[in-house]
Amino acid sequence: MTEYALILLSTILVNNFVLVKFLGLCPFMGVSRKLETAMGMALATTFVLTLSSVCSYLVNEYILVPLGLEYMRTIMFILVIAVVVQFTEMVVHKTSPLLYNVLGIFLPLITTNCAVLGVALLNTQQQHGFLQSLFYGFGAAVGFSLVLILFSALRERITVADVPEAFQGTSIALITAGIMSLAFMGFAGLIKI
Amino acid sequence: MVIVIITLAVVAGIFGLILGYSAIRFKVEGDPVVDKIDALLPQTQCGQCTYAGCRPYAEAIAKGEADINQCPPGGEATIIALADLLDVEVKPLNAAHGEEKACPTIVRIDEQTCIGCTLCIQACPVDAILGAAKHMHTVIESECTGCNLCIPPCPVDCIHIFEVKPTIRNWVAELPDVDYVAPSAA
């Protein structure tokens, strides 16, 4: 049990995918302009990341390893992620039109989110089991959501702040992200895993 | 090499089958009948049917809450088309909602009398009136649907109804022996 708690803590704070591993930066910068869209993106990513983490573990364990095709991982995982995203979109559209309206355009965007592929590849690299993969994916997603929502709240305030002309727009956003990253580095001493 | 190709093809094929099946299984039906009814309505947004506009009226008809004879601007032609679409009996227009106009109309503002009160702008459902407070208003005639909703609020009665006479630009020949509804001059 402690092991899973440690995986969660590690992926959310210590090895945060966005601010420490620098994965998934494009949605981090792209949809963080408004808090509402950031929440939609966070929700969609959480769902897809957890599911694709488990699915890619299954594909790796029961298809690639027995056939000795481990070197095909990347392309296979991309395939799995694309299918999971498509499937999620269909099911959400059918079961909950409200959620579909909230997630809407963010679902297809996740296909190209490198954090999703990163989680799948890191799972195999660190030889995680089924439950470990599940928690690793979920923790990564929660970490991503946390940082994305924090960052978008910051950016909403920055837009009304009196920023020097040279730093306006994306520059101040990148500087903010850098400072946030520094703050998250502070968690590095929390646990060793 | 061959085993790689076969594996990828098989896995991709299975995924394709799953997605194809779920596309059928989780198909989302819209409500196409509302769109069809809405297409038959004249889109004057006049509210004489007691609904806020043509689309809400179409939804009410589709749900069975409203009758098909509540649309004076569409008149008999619309009622016949709706009865045909929904496979119900043709009824005469419900007089409680108004009378059918013999000829499409638009309104014009007598600009000498207009005091620029903006009341007609607020009443117009299609934003066809242009003007600002204490400035002269005017009607964009190509946008006016002839719903006459702007006439009651006008405090100086400067809005008048004009019939749209077919001109060489908007005249449409009526085809003989064909079920053809002339487009209402908007």
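Residues numbered from 1 in each chain as written. Chains lettered and ligands numbered in written order. Predicted model: local features only at pLDDT ≥ 70, side-chain atom pairs only at ≥ 80, totals over all residues. Heavy atoms only, no water.

With that out of the way, let us pick up the overall build of chain B. Broken down by element type, chain B carries 5 helices and 4 strands. Seen in sequence order, chain B has helices and strands lined up from the N terminus as α-α-α-α-β-α-β-β-β. For chain B, the residues scored as buried account for 31% of the 186 residues in total. Considering only residue pairs separated by 6 or more positions, chain B has 54% of its internal contacts joining residues 24 or more positions apart. Split by element, the accessible area of chain B, about 11800 Å² in all, is 58% carbon and sulfur. (Helix = DSSP H or I, 4+ residues; strand = E, 2+ residues; numbered from the N terminus. Buried < 20%, exposed > 50% of the residue type's maximum accessible area, 1.4 Å probe, protein only. Contact = heavy atoms within 4.5 Å. Areas by Shrake-Rupley, 256 points an atom, 1.4 Å probe, with all protein chains shown as cover.)

In this section: the side chain of Asp38 of chain B. Residue and element names in this part refer to chain B. In this fold, Asp38 is placed in helix α2 (residues 32-40). The exposure class of Asp38 is buried, given its relative accessible area of 13%. Apart from residues lying up to four places away in sequence, Asp38 is in contact with Gln43, Cys54, Arg55 and Ala58.

Attention now goes to the environment of Asp127 of chain B. Here Asp127 of chain B is to be found in the loop between α5 (119-123) and β2 (129-130). When the C-alpha atoms of Asp127 of chain B and Ile140 of chain B are compared, they prove to be 8.7 Å apart, with 13 residues separating the residues in sequence.

With 17 residues of chain A in contact, the opposing surface of chain B contributes 14 residues. Summed over both sides, the interface between chain A and chain B buries roughly 1400 Å², with carbon and sulfur atoms accounting for 89% of that surface. Taken as a group, Val83, Met90 and Lys94 of chain A account for 34% of the area that chain A buries against chain B, more than any other trio of residues on that side. The interface formed by chain A and chain B contains 0 salt bridges. The tally of links between chain A and chain B comes to 0 residue pairs in polar contact (both at pLDDT 80 or more). The set of elements that each furnish at least two residues to the side of chain A that touches chain B consists of α3 (35-67) and α4 (73-95) of chain A. (Buried area = accessible area lost by both parts, 1.4 Å probe. Salt bridge = Lys/Arg side-chain N within 4 Å of Asp/Glu carboxyl O. Polar contact = N/O pair within 3.5 Å; in protein donor to acceptor, adjacent residues only side chain to side chain.)

With that out of the way, let us pick up the side chain of Glu89 of chain A. Residues and elements named next belong to chain A. Relative to the helices and strands, Glu89 is located in helix α4. A relative accessible area of 16% places Glu89 in the buried class. Setting aside residues no more than four positions away along its own chain, Glu89 makes contact with Tyr100, Leu107 and Pro108.

All names here are of chain B. Applying the stated criterion across every chain yields a total of 3 cavities of 30 Å³ or more. Of the pockets and cavities examined, the largest cavity occupies roughly 90 Å³. In terms of lining, the largest cavity is formed by 14 residues, of which the most central are Val107, Cys124, Cys144, Cys147 and Cys150. Class assignment of the residues belonging to the lining of the largest cavity gives a composition of 11 nonpolar, 3 polar and no charged. Put simply, the second largest cavity is a space of about 60 Å³. Of the residues contributing to the lining of the second largest cavity, the split by class is 5 nonpolar, 5 polar and no charged. (1 Å grid on protein atoms, 1.4 Å probe; cavity = no way out; pocket = protein on both sides within 12 Å on 5 of 7 lines; lining within 4 Å. Points joined across faces, edges and corners; volume = space filled by probe spheres on them. Nonpolar A, V, L, I, M, F, W, Y, C, P; charged D, E, K, R; others polar.)

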